[in-house]
Amino acid sequence: MIGHATGIQQCEDNARAFAGAIGETFQDRAYICVLMVDGQRMEKHRNLIGFDA
């Protein structure tokens with residue numbers, strides 16, 4: 001886990017910041033946001049940036 005976020009946009013912002021912090025280009029990275037409720041993982045949202053299915 002790299003951080004906490006409120007909403008998908010903030011999750012993406014965290015992923016972009018992390019990529020920059022480790023010297024990686026964000027556009028080729030994939031990341032997953034996990035909805036947490038009372039400390040339990042409820043659902044995951046996979047965001048694929050620069051990925052053509």
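The preceding data block contains the structure.
Residues numbered from 1 in each chain as written. Predicted model: local features only at pLDDT ≥ 70, side-chain atom pairs only at ≥ 80, totals over all residues. Heavy atoms only, no water.

Trainee: Looking at this structure, I do not really get the side chain of Glu-12. What am I missing?
Mentor: With respect to the helices and strands, Glu-12 occurs in helix H1 (residues 8-21). Those residues in contact with Glu-12, other than ones at most four positions away along the chain, are Phe-26 and Tyr-31. (Helix = DSSP H or I, 4+ residues; strand = E, 2+ residues; numbered from the N terminus. Contact = heavy atoms within 4.5 Å.)

Trainee: Quick question: what am I supposed to make of the nonpolar core here?
Mentor: In a soluble, globular protein the nonpolar side chains are often hidden away together inside. Counting 6 residues, the largest nonpolar core consists of Cys-11, Ala-15, Ala-19, Phe-26, Tyr-31 and Cys-33. By residue number, the principal contributor to this core is H1, which donates 3 residues. When neighbours within four sequence positions are excluded, Ala-15 is seen to be in contact with Ile-2, Phe-26 and Tyr-31. (Core = buried A, V, L, I, M, F, W, Y, C linked by side-chain atoms within 4.5 Å. Buried < 20%, exposed > 50% of the residue type's maximum accessible area, 1.4 Å probe, protein only.)

Trainee: For this particular structure, what's the right way to read H1?
Mentor: Since the α-helix turns once every 3.6 residues, residues separated by three or four places project in the same direction. End to end, H1 covers 20 Å across 14 residues, agreeing with the expected 20 Å (1.5 Å per residue, within 8%). What H1 keeps buried is the set Cys-11, Glu-12, Ala-15 and Ala-19. For H1, the angular spread of buried residues about the axis comes to 100°, placing them on one side. Set apart from the buried face of H1 by more than 90 degrees, the exposed residues are Ala-17, Gly-20 and Ala-21. In this structure, the buried residues of H1 make contact with strand S1 (30-37). Once H1 ends, the next one or two residues include Gly-23, with phi positive near 75°. (Expected span 1.5 Å × (residues − 1). Arc of directions from axis to C-beta.)

Trainee: Teacher, can you tell me more about unusual backbone geometry here?
Mentor: Most peptide bonds take the trans configuration, and most residues that are not glycine carry a negative phi. The residue Asp-38 is not glycine, and still its phi comes out positive at about 50°. Among the structural elements, Asp-38 can be located in the loop between S1 and strand S2 (40-48).

Trainee: I would appreciate a short explanation of the pattern of salt bridges in the present structure.
Mentor: Note that side chains of opposite charge can pair when their charged atoms are close. This structure, assessed with the given rule, holds 1 salt bridge. Two residues, Arg-16 and Glu-12, come together in a salt bridge whose shortest N-O distance is 2.9 Å. Of the two residues, Arg-16 and Glu-12 both sit in helix H1, 4 residues apart, roughly one turn of that helix. By relative accessible area, which is 17% here, Glu-12 ends up buried. (Salt bridge = Lys/Arg side-chain N within 4 Å of Asp/Glu carboxyl O.)

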